Amino acid sequence: MPAIVIAIANQKGGVGKTTTAVNLAACVASTGTNVLMIDMDPQANATSGLGLEKKSGASIYGVLLGQEDINSIIQHTDYDNLDIIPSEVDLCGAEMELSKVENHLVRLRESIAPIKATDRYDLIIIDCGPSLNVLTLNVFAAADHLVVPLQCEYYALEGISMITRVLNQIRESGVNPDLDLLGVIMTMFDGRTRLSRQVVEEVRNHFADRVFETNIPRTTRLAEAPSFGQPIIYYDPYSAGAAAYEVLAQELLERLGLAERAPELDEVPPPPAFADFKAARETAAVVPISPAREGGFIVPPTPPLL
Ligand SMILES: Nc1ncnc2c1ncn2[C@@H]1O[C@H](COP(=O)(O)OP(=O)(O)OP(=O)(O)O)[C@@H](O)[C@H]1O
Ligand SMILES: [Mg+2]
């Protein structure tokens, strides 16, 4: 099955795009889904947030200009099922260079086509920078779905009006007629303030069920994790932020039709019959500790009855 490509975008800065991209990628990957993260922001926050150093020449720059093979720039992260194409500040230069080449809006789509077509990755998550520049337009042209994080603050809706305008332009211009808004994620939610609750309500009135049910809480642990190069599920697995991104990842997988179906009740194997259980317990009760030592047996503590 070809990989599904998701863009995490909002031209407003500091709304939680990178935090969401990094943590969703890690949570989804931890379920056994193969994920490739592409960092398309020259600030390279997703790169450092996943524990990689920003290195000159390591970004997708050369690939976009047709000078490098995409497979040569993919790197493993320290986390299972999670690879990355990192970014670094040189990617700023790609902006100007790209404007000079042919088909400059579809360079990313063409670049990732070879990996999208194979079954190496189930999901490709792209983190965008905070502007609607040529790099971001390339992401919109390459993506199947758009996910927009909105910060729970007064001006949240202003940010999204521009995104939806660009989304419509991209569709209507024929660059990517199938691009859809998969969902809006409310970030930095503080349930104690009326403002947060009002903003969520207003955004839900506007976007109805396009808004993900899971709100991401504002927590210091989420803000600290990137400085350790760790997604929150590894930095503080029992925190509220980790729980929120894990539930959000499930919601995302369900929306994409990639969630593992929970077994129906009649598919769950029945517990062992009591006789079997008793027999198993009696056999396990006496275990040789050393075959060489005559009579060397140990009786482990009796397990509690069910
Ligand atoms: N839920 C949260 N709770 C607390 N702090 C958060 C949360 N989400 C993000 N932050 C912090 O807010 C700041 C901005 O977040 P982030 O970098 O994810 O936003 P961004 O939209 O990617 O920004 P940019 O537009 O610059 O790329 C960071 O310092 C981040 O650690
Ligand atoms: Mg960012």
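Our structure is the block above this text.
So, here is what we can say about the structure in this document. No experiment lies behind these values; they were computed from the predicted model shown.

**Here's the deal with helix H1 (residues 17-30)**
- In this model, H1 (14 residues) spans 20 Å end to end at C-alpha, consistent with the 20 Å of a helix rising 1.5 Å per residue.
- Among the 14 residues that make up H1, 13 are buried, leaving the element largely enclosed by the rest of the structure.
- Phi turns positive one or two residues past the end of H1, at Gly 32, with a value near 100°.

**Quick word on the site of ligand 1**
- With respect to spatial proximity, 20 residues lie near ligand 1, and among them Gly 13, Lys 17, Thr 18, Thr 19 and Pro 130 are the closest.
- Taken together, the elements giving at least two residues each to the shell around ligand 1 come down to H1 and helix H9 (220-224).
- Looking at the shell around ligand 1 element by element, the count peaks at three residues for H1.
- Classifying every residue of the shell around ligand 1 by side-chain character gives seven nonpolar, 10 polar and three charged.

**Some thoughts on the sheet that holds strand E6 (residues 145-151)**
- The strand order across the open sheet built from seven strands is E3-E4-E2-E5-E1-E6-E7, with neighbouring strands paired in mixed fashion. Every other strand in the sheet has two partners, leaving strand E3 (75-76) and strand E7 (180-187) as the edge strands with one partner each.
- Across seven bridges, the pairing between E6 and E7 is parallel. For Pro 149, the partnering residue across the bridge sits in E7 and is Ile 185.
- Most of the contacts of helix H7 (residues 156-172) go to E6, to which it runs at about 165°, and overall it touches E6 and E7.

**Some remarks on the pairing of strand E2 (residues 35-39)**
- Burial of E2 is extensive: five of the five residues sit out of reach of the surface.
- Burial along E2 is two-sided: the residues Val 35, Met 37 and Asp 39 and Leu 36 and Ile 38 are all buried.
- Pairing geometry for E2 and strand E4 (residues 82-85), over four bridges, is parallel. Its bridge partner lying in E4, Ile 38 is registered against Ile 85.
- Pairing of E2 with strand E5 (residues 123-127) involves five bridges; the strand directions are parallel. Opposite Asp 39, over in E5, you have Asp 127 as the bridge partner.

**Focus on the pairing of strand E1 (residues 4-8)**
- Along E1, four of the five residues are buried, which leaves the element largely enclosed by surrounding structure.
- Of the strand pairs in this sheet, E1 and E5 are connected by five bridges, and their pairing is parallel. Bridge assignment links Ala 7 to a residue of E5, and that residue is Ile 126.
- Strand direction decides the pairing type here: E1 and E6, joined by three bridges, are parallel. Its bridge partner lying in E6, Ile 6 is registered against His 145.

**Quick notes on unusual backbone geometry**
- One non-glycine residue with positive phi stands out, namely Asn 81, at about 60°.
- Along the chain, the position of Asn 81 falls in the loop between E3 and E4.
- For Ala 208, which is not a glycine, the phi torsion comes out positive at approximately 45°.
- Along the chain, Ala 208 falls in the loop between helix H8 (194-207) and H9.

The rules behind these values
Residues numbered from 1 in each chain as written. Chains lettered and ligands numbered in written order. Predicted model: local features only at pLDDT ≥ 70, side-chain atom pairs only at ≥ 80, totals over all residues. Helix = DSSP H or I, 4+ residues; strand = E, 2+ residues; numbered from the N terminus. Expected span 1.5 Å × (residues − 1). Buried ≥ 20, exposed ≤ 12 C-beta atoms within 10 Å, placed from the backbone. Near = placed C-beta within 6 Å. Nonpolar A, V, L, I, M, F, W, Y, C, P; charged D, E, K, R; others polar. Pairing = 2+ DSSP bridges. Contact = placed C-beta atoms within 7 Å. Axes fitted to C-alpha atoms, helices over the stretch in contact; angles between N-to-C directions.

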